[in-house]
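Residue-level listing of the chains:
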Amino acid sequence: MNESQFGKGGHKDKVDVRDKKYVARAGLEFDWNKGYDIEEELGKILNAPDFKLIPKDQDGSFSCGGQAGSYYNAVLEAESTKTWEDRSAKYIYAQGYVPGGGMYGRDIMKIIKKQGVSREAILSSYENGIPPSEKFMQRSQDITIEARNDAKNSKVKDYGQVNPDIDTVAQATRDNWGVILGVTGENNGTWLSLYPKPPIKGESFEWRLWLYAGKAKLIDGKKYIGIINSWGKNCGARGWHWIGEDYFNTKI
């Protein structure tokens with residue numbers, strides 16, 4: 001098994017001057033020595049010190065946008081309700097995918113803001129209990145009135161665009177319970193490991209992927225952002241990867 005066998009599906013948004021920008025709060029710069037870990041934060045809120053996010057598995061579908069959005073929506077709901085309820089990647093993706101598969105980041109957040117996201121227990125993102133096909137994830141007719149009503153309980157107030165430098169992403173992750181991060185990459189043999197390497201072809205790359213970022217820390221004195229994939233538990237460390245300054249500095 002290698003990264004070429006897993007679905008991607010990230011599409012780069014066009015510039016829109018109406019987008020709100022995330023502005024890092026002056027005087028509250030990110031403390032890299034302290035770091036940030038969403039699983040530790042949720043463990044405190046849920047009174048579950050050993051709490052861990054369960055890695056999702058999109059298999060070969062292009063539903064990474066729905067997967068990343070469902071992680072984030074579940075985290076925000078847990079912060080608000082003090083309970084954990086997994087949210088449906090299919091609810092987002094089936095309403096926002098583009099022809100040929102994949103999603104734009106702005107469309108992910110529009111759905112989360114305007115509709116919320118139904119619980120996974122109401123609308124499953126797995127096909128007969130196994131990782132889904134693209135056709136299954138696109139089936140919007142599976143979204144029932146019950147799922148739509150359930151989703152309304154988890155609408156978010158707003159969203160903003162984060163400048164893609166590692167310090168701002170770290171601060172936004174800490175201040176907003178995470179970030180949905182768009183990553184460009186290539187099948188270079190490192191994307192099942194703990195430390196994926198950036199593309200080395202300049203502006204050329206093979207794919208884009210939406211991921212939920214929920215951690216940031218120093219590793220051997222270097223800055224890293226922790227992202228959880230949706231390629232199952234055998235990817236990275238329980239689904240988590242660390243991408244460093246070299247990735248952010250490739251300007252892709």
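Above this text is the structure in question.
This structure is a prediction, so every number in the text was calculated from the model and none was measured.

J.: How do you make sense of the overall build of the protein chain when you look at a structure like this?
T.: Secondary structure summary: the protein chain contains eight helices and seven strands in total. Compactness check: the protein chain gives a C-alpha radius of gyration of 17 Å against a globular reference of 18 Å for 252 residues, within 12% of the reference. Across its three principal directions, the C-alpha atoms of the protein chain cover 50 × 40 × 40 Å. Per-residue burial for the protein chain yields a buried fraction of 49% across its 252 residues. The long-range share in the protein chain, meaning contacts at least 24 apart out of those at least 6 apart in sequence, stands at 72%. Working note: accessible area of the protein chain is about 12500 Å², and carbon and sulfur atoms make up 50% of it. Across the protein chain, the mean location of the 36 positive side-chain charges is 4 Å away from that of the 34 negative side-chain charges.

J.: For this particular structure, what's the right way to read the layout of surface pockets?
T.: Empty space among the atoms becomes apparent when a probe as large as a water molecule is rolled across them. Within this model, the second largest pocket holds a volume of roughly 230 Å³. Forming the boundary of the second largest pocket are Phe-30, Asp-31, Lys-34, Gly-35, Tyr-36, Asp-37, Glu-40, Glu-41, Lys-44 and Arg-174. Secondary structure elements with two or more residues in the lining of the second largest pocket: strand E2 (36–37) and helix H1 (38–45). Across the lining of the second largest pocket, the residue classes tally to two nonpolar, one polar and seven charged.

J.: What exactly am I supposed to notice about the side chain of Lys-215 here?
T.: Examined against the element boundaries, Lys-215 turns out to sit in strand E5 (residues 207–219). Here Lys-215 falls in the buried class, since its relative accessible area comes to 7%. One polar contact links Lys-215 to Glu-39, side chain to side chain, over a distance of 2.8 Å. Apart from residues no more than four positions distant in its own chain, Lys-215 is found in contact with Tyr-36, Asp-37, Ile-38, Glu-39, Thr-173, Tyr-224, Ile-225, Gly-226, Arg-238, Trp-240 and Trp-242.

J.: It is not clear to me how the state of the cysteines should be interpreted in this structure. Could you clarify?
T.: Here, the word disulfide means a covalent bond between the sulfur atoms of two cysteines. For the structure on display, the rule yields zero disulfides. Summary of cysteine pairing: Cys-64 is not part of a disulfide, and the nearest cysteine sulfur, belonging to Cys-235, is at 13 Å. The class for Cys-64 is buried, based on a relative accessible area of 0%. Given the relative accessible area of 1%, Cys-235 is considered buried.

J.: Whenever I open this one, the side chain of Ser-61 confuses me. Can you help?
T.: Along the polypeptide, Ser-61 turns up in the loop between H1 and helix H2 (64–81). Only 2.8 Å separates the side chain of Ser-61 from the side chain of Ser-63, close enough to count as a polar contact. Residues in contact with Ser-61, not counting those within four places in the same chain, are Gly-7, Lys-8, Pro-132, Ser-133, Glu-134 and Met-137.

J.: Would you explain the packing of aromatic side chains in this entry?
T.: To describe a pair of aromatic rings, you give the distance between the ring centres and the angle between the ring planes. One pass over the structure, following the stated rule, counts eleven aromatic pairs. Members of the aromatic cluster, joined through ring pairs, are Phe-6, Trp-191, Trp-207, Trp-231 and Tyr-247. Looking at Lys-56, its charged tip hangs above the ring of Tyr-71, at a distance of 5.1 Å from the centre. We note Lys-215 situated over the ring of Trp-240; from NZ or CZ to the ring centre the distance is 4.3 Å.

J.: I would appreciate a short explanation of the pairing of strand E6 (residues 222–228) in the present structure.
T.: Consecutive residues of a regular strand have side chains that alternate between opposite faces of the sheet. Judged by how many residues are buried, E6 sits mostly within the fold: five of seven residues are covered. Here E5 pairs with E6 via seven bridges, running antiparallel. What sits directly across from Lys-217, in E6, is Tyr-224. Counting the residues between successive antiparallel strands, the hairpin from E5 to E6 contains two residues, one of them, Asp-220, with a positive phi of roughly 55°. Examined bridge by bridge, E6 and strand E7 (residues 240–244) share five bridges and lie antiparallel to one another.

Conventions adopted
Residues numbered from 1 in each chain as written. Predicted model: local features only at pLDDT ≥ 70, side-chain atom pairs only at ≥ 80, totals over all residues. Heavy atoms only, no water. Helix = DSSP H or I, 4+ residues; strand = E, 2+ residues; numbered from the N terminus. Rg over C-alpha atoms; globule rule 2.2 N^0.38 Å. Buried < 20%, exposed > 50% of the residue type's maximum accessible area, 1.4 Å probe, protein only. Contact = heavy atoms within 4.5 Å. Areas by Shrake-Rupley, 256 points an atom, 1.4 Å probe, with all protein chains shown as cover. Lys, Arg positive; Asp, Glu negative; His and termini not counted. Charge placed at Lys NZ, Arg CZ, Asp CG, Glu CD. 1 Å grid on protein atoms, 1.4 Å probe; cavity = no way out; pocket = protein on both sides within 12 Å on 5 of 7 lines; lining within 4 Å. Points joined across faces, edges and corners; volume = space filled by probe spheres on them. Nonpolar A, V, L, I, M, F, W, Y, C, P; charged D, E, K, R; others polar. Polar contact = N/O pair within 3.5 Å; in protein donor to acceptor, adjacent residues only side chain to side chain. Disulfide = S-S within 2.5 Å. Phe/Tyr/Trp six-rings, centres within 6.5 Å; stacked < 30°, edge-to-face > 60°. Lys NZ or Arg CZ within 6 Å of the ring centre and 35° of its normal. Pairing = 2+ DSSP bridges.

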